[in-house]
Amino acid sequence: MTTTTTTTYQMLVDGESVAARSGAVFERVSPAHDVVVGTYPRGDAADMDRAVAAARAAFDSGPWPRSSGAARARVLRRVADLIERDLEELARTETLESGKPISQARGEVASTAELWFYAATLAQHAYGDSHNAIGEQYLGVVLREPIGVVGMITPWNFPLLIVSQKLPFALAVGCTAVVKPAELTSGTTIRLAELCREAGMPPGVVNVITGSGREVGARLAEHPGIDMITFTGSTAVGKTIMASAASTLKKVELELGGKNPQVVMADANLDRAVDAVVFGVYFNQGECCNSASRLLVHDTIADEFVDRVVERAKAVRVGDPLDEATLIGAIASAEQFDQIQSLVHDGTASGASLLLGGHRLDSDTGRFFQPTVFDHVTPDMSIAREEIFGPVLSTLRFSTIEHALEIANATVYGLSAGIWTQDLDSAMTFARRAKAGTVWVNCWMDGFPELSFGGYKESGVGRELGRAAVDEFTELKTLTIHTGPRTSWIDGTLL
Ligand code: NDP
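If you're wondering where the values come from, they're calculated on a predicted model, not measured in any experiment. (Residues numbered from 1 in each chain as written. Predicted model: local features only at pLDDT ≥ 70, side-chain atom pairs only at ≥ 80, totals over all residues. Heavy atoms only, no water.)

*Asks:* Teacher, can you tell me more about the overall build of the chain here?
*Replies:* Within the chain, the secondary structure is distributed over 16 helices and 23 strands. Expected size for 495 residues packed as a compact globule is a radius of gyration near 23 Å; at 24 Å, the chain falls within 12% of this value. If you line up the chain on its principal axes, its C-alpha atoms span 85 × 55 × 40 Å. Taken across its 495 residues, the chain has 56% of its residues classed as buried. Contacts in the chain between residues far apart in sequence, at least 24 positions, make up 72% of those at least 6 positions apart. Of the roughly 19800 Å² of accessible surface on the chain, a fraction of 53% belongs to carbon and sulfur atoms. Placing the 43 positive and 61 negative side-chain charges of the chain at their respective mean positions leaves the two points 4 Å apart. (Helix = DSSP H or I, 4+ residues; strand = E, 2+ residues; numbered from the N terminus. Rg over C-alpha atoms; globule rule 2.2 N^0.38 Å. Buried < 20%, exposed > 50% of the residue type's maximum accessible area, 1.4 Å probe, protein only. Contact = heavy atoms within 4.5 Å. Areas by Shrake-Rupley, 256 points an atom, 1.4 Å probe, with all protein chains shown as cover. Lys, Arg positive; Asp, Glu negative; His and termini not counted. Charge placed at Lys NZ, Arg CZ, Asp CG, Glu CD.)

The following block contains the structure:
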């Protein structure tokens, strides 16, 4: 096994690296290697209050919201350069804390730098609207202003990427932020905040508090000093965040779970579709909101296609995530592992055919789950409805595009969906009628900073990335300017 190291982290408040006031700490054990890889302050509500006060002061009277977009863009680009400089260190931390393969962690860090580069371009494009045709005496201007202090709560599956779908965009338009990363994977978020400081961001603009969701996360969501809360995580916690935010009517943006289908029509390029199905479900161990955990395949090709998926899945290497050849690493937590096992058990008990995997992989350390394929799944089974968040594929069969749409949309989620076909009619019918925030045609999980991302139904509220991010992190202010005489309200004379 590859050697691992332990790092001691501190939170970041008002530009200073600080311990928890109580002095409490917690440890992260690598899910692949069973050794401690990080020690963190266990923040509490008082630490969170201090961070919110710092972000509030930085927003209300600090230089960041008042500086030009060009100046902010320069700092954001510097952060992107620093992320690239530290790519190897950041990727290694992601791998040790989350269990994901190092090759995928490197890709995540590289994509993170791209998000910061792109967000920098928006800093100079957070403009509003002007109205020169509302009457000769009037000019209407709709200004965009930063919404204020933004609270950010993030999950453990793509820690650096997900915080970077929020933070640089909020910063670009002049907001300040308090971030609460998941306890399992706080390392790269703290390093990111340190890189912001190194890049020249003023104190208080980016603050990070580590600790449990129930304590510091909940305090952040309800905090009266916050103007907006943006959350990525489970639908269940998303609902509690929305309820807590209601007490102060702060704006809420939520990126939640998914039960995403890839539809394979009979005329699809099957070599490409097989590869994408295997990638779509096993990437990041399936611990992915965009996991294509449902395969919907046309009856006439189903037997052959599923055989090919199983053969391809056997070639996916599972093991030490620090090994360059590994494609599926360790499952992030014991809780997550139990959830996968329990849903797989449900699948077998309800009559689905288990064609591959279904069990824990033998290993000296860590917890790994075998790539798993179910066939003959029906829409009522829990493995067709619930987010498994593990390397488990549920195959359902359909006869027509209408039938495929009916199955695809029969879920409370609506994050993403995909179709494999050479036929334009099928592609467009599916793309228009799938209830999902993202539809991929002949590809899967290809994402770009320019393209907005978010969910329909219980997969979320609001959108991240692209120009939509400017809308999310700004308020509109309408300015009505009058010139020349005023007609008297009392007697109609010109004043
Ligand atoms: P959770 O919802 O459990 O946790 C997400 C974050 O919320 C963590 O930082 C957690 O802190 C915090 N949290 C937990 N409870 C509370 C609370 N009561 N109040 C405030 N904050 C709280 O999700 P996971 O971390 O388990 O992530 C997996 C889930 O995230 C999956 O369902 C997945 O689909 C979804 N997800 C969605 C994405 C999207 O873009 N749509 C992207 C990635 C994941 P802590 O864990 O430290 O206690």
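Resuming the write-up.
*Asks:* Before we go on, may I ask you to explain the packing of helix H2 (residues 69-85) against helix H7 (residues 187-198) in this structure?
*Replies:* For any two helices packed against each other, one specifies the crossing angle of their axes together with the interaxial distance. Where H2 meets H7, the axes come as close as 9 Å, and the angle between the chain directions of the two elements is 130°. Taken together, the axis directions place H2 and H7 in an arrangement best described as oblique. Crossing hand, H2 versus H7: right-handed. Residues Val79, Leu82, Ile83 and Arg85 of H2 form the contact with H7, whose participating residues are Leu192, Leu195, Cys196 and Glu198. (Axes fitted to C-alpha atoms, helices over the stretch in contact; angles between N-to-C directions. Parallel < 35°, antiparallel > 145°, perpendicular 65-115°, else oblique. Left-handed = near helix turned anticlockwise from the far one by under 90°.)

*Asks:* Got a minute to help me understand the nonpolar core in this structure?
*Replies:* The nonpolar side chains of a soluble globular protein tend to be buried with one another. By size, the foremost hydrophobic cluster in this structure holds 67 residues, and its most contacted members are Ile83, Trp116, Leu167, Phe169, Leu171 and Met201. Residue contacts for Phe169: discarding those within four places in its chain leaves Leu115, Tyr118, Ala119, Leu122, Ser164, Leu465, Gly466, Ala469 and Phe473. (Core = buried A, V, L, I, M, F, W, Y, C linked by side-chain atoms within 4.5 Å.)

*Asks:* When you look at the site of the ligand in this model, what are you seeing that I'm missing?
*Replies:* Residues in contact with the ligand amount to 30 residues; listed here are only the nearest, Thr154, Lys180, Ser234, Leu256 and Glu387. Residue Gly213 places a main-chain N or O atom 2.8 Å away from an oxygen atom belonging to the ligand. Side-chain polar atom of Glu387 to an oxygen atom of the ligand: 2.5 Å apart, as the coordinates give it. In isolation the ligand has 900 Å² of accessible area, and contact with the protein removes 86% of it. When atoms are counted within 2 Å of each cavity's grid points, the one that captures over half of the ligand is the largest pocket. For the shell around the ligand, a count of residues per class yields 15 nonpolar, eleven polar and four charged. (Near = heavy atom within 4 Å. Polar contact = N/O pair within 3.5 Å; in protein donor to acceptor, adjacent residues only side chain to side chain. 1 Å grid on protein atoms, 1.4 Å probe; cavity = no way out; pocket = protein on both sides within 12 Å on 5 of 7 lines; lining within 4 Å. Sits in = over half its atoms within 2 Å of the grid points. Nonpolar A, V, L, I, M, F, W, Y, C, P; charged D, E, K, R; others polar.)

*Asks:* How should the packing of aromatic side chains be read in this particular structure?
*Replies:* In this description, a pair of aromatic rings is defined by centroid distance and the angle of the planes. Across all of its chains, the model carries eight aromatic pairs by this definition. Pairing Trp156 with Phe389 gives two aromatic rings, centres 5.5 Å apart and planes at 80°, and the pair type is edge-to-face. Within this pair, whereas Trp156 is found in the loop between strand E8 (149-153) and helix H5 (159-163), its partner Phe389 is found in the loop between helix H13 (382-385) and strand E17 (392-398), the two being separated by 233 residues in sequence. Take Trp156: its relative accessible area is 17%, and that puts it in the buried class. (Phe/Tyr/Trp six-rings, centres within 6.5 Å; stacked < 30°, edge-to-face > 60°.)

*Asks:* Got a minute to help me understand the sheet that holds strand E4 (residues 25-29) in this structure?
*Replies:* Each strand in a sheet pairs with its neighbour through backbone hydrogen bonds, running either in the same direction (parallel) or in the opposite one (antiparallel). Taking strand neighbours across the sheet as the criterion, the three strands line up as E1-E5-E4 in an open arrangement whose pairing is mixed. In this open sheet, the two strands that pair with only one neighbour each are strand E1 (7-8) and E4. Across two bridges, E1 lies against strand E5 (residues 36-41) in parallel orientation. Within the sheet, the bridge partner assigned to Thr7 lies in E5 and is Gly38. (Pairing = 2+ DSSP bridges.)

*Asks:* Mind showing me how you'd approach the side chain of Ser382 here?
*Replies:* When you line up the elements, Ser382 lands in helix H13. A distance of 3.4 Å separates the side chain of Ser382 from the side chain of Asp346, its partner in a polar contact. Filtering out sequence-adjacent residues up to four positions away, Ser382 remains in contact with Leu343 and Asp346.

*Asks:* Hey, could you run me through the pattern of salt bridges in this one?
*Replies:* When charged atoms on two side chains of opposite charge get close, those side chains can pair. Evaluated as defined, the whole model comprises 28 salt bridges. For Asp60, the salt bridge goes to Arg56, with nearest N and O atoms at 3.1 Å. Taken together, the positions of Asp60 and Arg56, both in helix H1 (residues 45-61) and four residues apart, correspond to about one turn of that helix. On the basis of relative accessibility, which here comes to 21%, the residue Arg56 falls in the partly exposed class. Residues Lys100 and Glu108 are paired through a salt bridge, measuring 2.5 Å at the closest nitrogen-oxygen approach. Exposure class is identical for Lys100 and Glu108. Each is buried. Sharing partners across several salt bridges, the network here consists of Arg85, Asp86, Glu89, Arg191, Glu194 and Glu198. (Salt bridge = Lys/Arg side-chain N within 4 Å of Asp/Glu carboxyl O.)

*Asks:* What is the right way to read a nonpolar patch on the surface from this model?
*Replies:* On the surface, Leu139, Leu143, Leu479 and Ile481 cluster together into a nonpolar patch covering about 270 Å² of accessible area. Only strand E7 (138-146) and strand E23 (474-482) provide two or more residues apiece to the nonpolar patch. Here Leu139 shows up in strand E7. (Patch = residues over 30% accessible without salt bridge, like charges linked within 9 Å, V, L, I, M, F, W, Y side chains within 5 Å.)

*Asks:* It is not clear to me how the sheet that holds E7 should be interpreted in this structure. Could you clarify?
*Replies:* If you walk across this open sheet you meet the three strands as E6-E7-E23, and the pairing is antiparallel. Two strands lie at the open edges of the sheet, namely strand E6 (129-131) and E23, each paired on one side alone. Averaged over all neighbouring strand pairs, the angle between strand axes comes to 15°, with direction disregarded. In terms of strand pairing, E6 meets E7 through three bridges, oriented antiparallel. Following the sheet pairing, Ser130 is matched in E7 by Val141.

*Asks:* Even after reading the chapter, I still don't get the side chain of Ser186, so can you show me in this structure?
*Replies:* Here Ser186 is to be found in the loop between strand E9 (176-180) and H7. Residue class for Ser186 comes out buried when judged on its relative accessible area of 0%.

*Asks:* For this particular structure, what's the right way to read the layout of surface pockets?
*Replies:* One simple way to see leftover space: roll a probe sized like a water molecule over the atoms. Considered as a void within the structure, the largest pocket measures approximately 1300 Å³ in volume. The wall of the largest pocket is formed by 40 residues, among which Trp156, Gly233, Ser234, Val237 and Glu335 lie closest to the centre. Elements that contribute at least two residues to the lining of the largest pocket include exactly E4, helix H8 (213-222), strand E11 (228-232), helix H9 (235-245) and helix H12 (334-349). Along the lines of polarity and charge, the residues of the lining of the largest pocket split into 16 nonpolar, 16 polar and eight charged. (Points joined across faces, edges and corners; volume = space filled by probe spheres on them.)

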